[in-house]
Amino acid sequence: MAGIIRQLRKTPGVGRKTIADALQVPPSTLVPYLGELEAAGLLLADPPREERKRGEWVTYRVNDEAVTEIYLRLGQEIGEI
């Protein structure tokens with residue numbers, strides 16, 4: 001999942017195929033991970049899940065605020081911040 005976030009920070013606003021090509025994995029492999037990251041609020045999708053129609057092209061970008069918050073909380077919990 002970190003690879004997805006890293007790739008989307010480099011190239012925001014792209015779809016599953018572009019992410020999969022960059023990570024050298026089949027696009028279908030990413031489906032559950034993108035869903036989990038979106039549900040956790042770490043990725044923002046356009047259109048959002050609740051507005052999507054079946055087969056609709058979805059683009060993703062990182063929710064930088066949420067990722068930073070998790071990073072800081074993790075650092076505090078493990079005593080590195």
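Scroll up for the structure.
Bear in mind the structure is a predicted one, so any value in this text is a computation, not a measurement. (Residues numbered from 1 in each chain as written. Predicted model: local features only at pLDDT ≥ 70, side-chain atom pairs only at ≥ 80, totals over all residues. Heavy atoms only, no water.)

**Q** Summarise helix α3 (residues 27-39); cite the residues concerned and give the values.
**A** Look at α3: 19 Å from first C-alpha to last across 13 residues, which is about the 18 Å you get at 1.5 Å a residue. Approximately 25° is the largest bend angle found in α3, and it occurs at Tyr33. Inspection of α3 places Leu30, Leu34, Gly35, Leu37 and Glu38 among the buried residues, and these make up the whole buried set. Looking at the buried residues of α3, the elements they touch are α1 (2-10), α2 (16-23), β1 (43-46) and β2 (59-62). Looking one or two residues beyond α3, the residue adopting positive phi is Gly41, at roughly 85°. (Helix = DSSP H or I, 4+ residues; strand = E, 2+ residues; numbered from the N terminus. Expected span 1.5 Å × (residues − 1). Bend = angle between axes of the 7 residues up to and from the residue. Buried < 20%, exposed > 50% of the residue type's maximum accessible area, 1.4 Å probe, protein only. Contact = heavy atoms within 4.5 Å.)

**Q** Which residues make up α1, and what are the values?
**A** Among the residues of α1, Gly3, Ile4, Ile5, Gln7 and Leu8 are the ones counted as buried. If you follow the buried residues of α1, they end up packed against α2, α3, β1, β2 and α4 (64-77).

Keep in mind that these numbers describe shape and distance, not what the molecule does.
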